[in-house]
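Analysis of the macromolecular model
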Amino acid sequence: MTGPTANEKTIRTAIVPAAGLGTRFLPATKAVPKELLPVVDTPGIELVAAEAAGAGAERLVIVTSPGKQSVADYFETAPALEDTLARKGKDALLEKVRRAPGLLDVEVAIQQEALGLGHAVACALPNLDDDDDAVAVLLPDDLILPTGVLERMAKVRAEYGGSVLCAFDVPDGDVSAYGVFDVSDTSDADVKQVHGMVEKPAPEEAPSTFAAAGRYLLDRAIFDALGRITPGAGGELQLTDAVGLLIEEGHPVHVVVHRGGRHDLGNPGGFLRAAIDFALEHPEYGPSLRTWLAERIGS
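Predicted model, so just to flag it, every value in this text is computed and none were measured.

Criteria and cut-off values
Residues numbered from 1 in each chain as written. Predicted model: local features only at pLDDT ≥ 70, side-chain atom pairs only at ≥ 80, totals over all residues. Heavy atoms only, no water. Phe/Tyr/Trp six-rings, centres within 6.5 Å; stacked < 30°, edge-to-face > 60°. Helix = DSSP H or I, 4+ residues; strand = E, 2+ residues; numbered from the N terminus. Buried < 20%, exposed > 50% of the residue type's maximum accessible area, 1.4 Å probe, protein only. Expected span 1.5 Å × (residues − 1). Arc of directions from axis to C-beta. Contact = heavy atoms within 4.5 Å. Polar contact = N/O pair within 3.5 Å; in protein donor to acceptor, adjacent residues only side chain to side chain. Axes fitted to C-alpha atoms, helices over the stretch in contact; angles between N-to-C directions. Parallel < 35°, antiparallel > 145°, perpendicular 65-115°, else oblique. Left-handed = near helix turned anticlockwise from the far one by under 90°. Nonpolar A, V, L, I, M, F, W, Y, C, P; charged D, E, K, R; others polar. Salt bridge = Lys/Arg side-chain N within 4 Å of Asp/Glu carboxyl O.

Scanning all chains against the criterion turns up two aromatic pairs. For the pair Phe25 and Phe271, a centre-to-centre distance of 5.8 Å together with 75 degrees between the ring planes defines the contact as edge-to-face. Placement of the pair is Phe25 in the loop between strand E1 (13-17) and strand E2 (38-39) and Phe271 in helix H10 (residues 268-280), with a sequence separation of 246 residues. A relative accessible area of 11% means that Phe271 is categorised as buried.

As a further point, take unusual backbone geometry. Look at the link from Leu26 to Pro27: it is a cis peptide, with omega at 10 degrees. Mapped onto the secondary structure, Pro27 falls in the loop between E1 and E2. Positioned with a positive phi, Val40 is a non-glycine residue whose angle comes to about 65 degrees. Mapped onto the fold, Val40 is located in the loop between E2 and strand E3 (42-43). Unlike most non-glycine residues, Lys200 shows phi in positive territory, near 50 degrees. Along the chain, Lys200 turns up in the loop between strand E10 (191-199) and strand E11 (210-219).

Under the 1.5 Å per step criterion, the end-to-end length of H10 is 18 Å for 13 residues, consistent within 8% with the ideal 18 Å. Looking at H10, one finds that the buried residues are Gly270, Phe271, Ala274, Ala275 and Ala279. One side of H10 carries all its buried residues, which in axial view fall inside an arc of 165 degrees. More than 90 degrees from the buried face of H10, the exposed residues found are Leu272 and Arg273. Here the buried face of H10 lies against E2, strand E13 (261-264) and helix H11 (286-298). With a side-chain oxygen positioned 3.1 Å from the backbone nitrogen of Gly269, the residue opening H10 is Asn267.

Bringing the environment of Ala134 into the picture now. Within the secondary structure, Ala134 is located in strand E6 (residues 134-138). Looking at Ala134, the relative accessible area reads 1%, which means it is buried. Counting along the chain gives 29 residues from Ala134 to Ser163, while the straight-line C-alpha distance between them is 8.1 Å. What Ala134 contacts, discounting residues up to four positions off in sequence, is Thr10, Arg157, Leu217, Leu218, Asp219 and Arg220.

Any two packed helices are characterised by how steeply their axes cross, that is the angle between the axes, and by the distance between the axes. Here helix H4 (residues 79-87) crosses helix H5 (residues 91-99) at 160 degrees, and the two axes come no closer than 8 Å. In terms of orientation, H4 lies roughly antiparallel with respect to H5. Judged by the sense of rotation from one axis to the other, the crossing of H4 with H5 is left-handed. Residues Leu81, Glu82, Leu85 and Ala86 of H4 touch H5, and the partners they reach there are Leu93, Leu94, Val97 and Arg98. The residue makeup of the contact of H4 with H5, split by class, is six nonpolar, no polar and two charged.

This part is about the pattern of salt bridges. Tallying each qualifying case throughout the model produces 23 salt bridges. Between Asp131 and Arg12 there is a salt bridge, with its nearest N and O atoms 3.9 Å apart. Of this pair, Asp131 sits in the loop between helix H6 (117-122) and E6 while Arg12 sits in the loop between helix H1 (6-10) and E1; the two residues are 119 residues apart in sequence, bridging distant segments of the chain. Accessibility expressed as a relative area gives 52% for Asp131, which makes it exposed.

Next up, the structure:
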């Protein structure tokens, strides 16, 4: 029997911060958490969970706020529904219903107050085992396409150690909308060593054009750093401040530059673009949607 792969050793537990109120999607999110809104027919949280499972994660820790238990409930089996679908011979639907519960084990951590992304990640510490020497953090608002960047990040961690983040190379004029990395080259053009990070710099002050995306592979040392940083604006603990502290203390941090695309599910405009993109690729809905879009735009 072969031993575990580098991915399996590095990514065992994934953390998904999902405690937000989804205010940009009100009034819909009065009753339905934003993470359960469907991209065509699949909630964004399932797409992110499938990405984590594909990278070797066995456990998903969803950090939620009180009143959002339904996000975790989505990953529970539905015996009555499954039985009904099976009796009616709706095998394709049955497979879809069973897909999320079969991805990985899901646990919940509660963030009682919205005190920042760093605080949300820290809330998952009690869920970890002693052998979780690194964790993946996936922001559910970010859909990274195509999937696979976490596997690449795991390989980079296996080579360099420390923590690995995902970055996009954005146009000069767009850097002020992102956190931008101060980097130096490695032997791989798409792997950079990180020396610092600047939040939303003016284009002329940006240290690079490599902007942060919502994927992190963090050494367990991040939790110690989160316990030592001070709150910033609004009393929030920022994950980037904890990463910055590790860099100051000599902890290796690298980014993998992802040359694919992304969708922002955090606002209705980005969500609609994601839904259209996924629907155009859907074998049932794509052809008629493409025709309708062409006619609609033409009119």
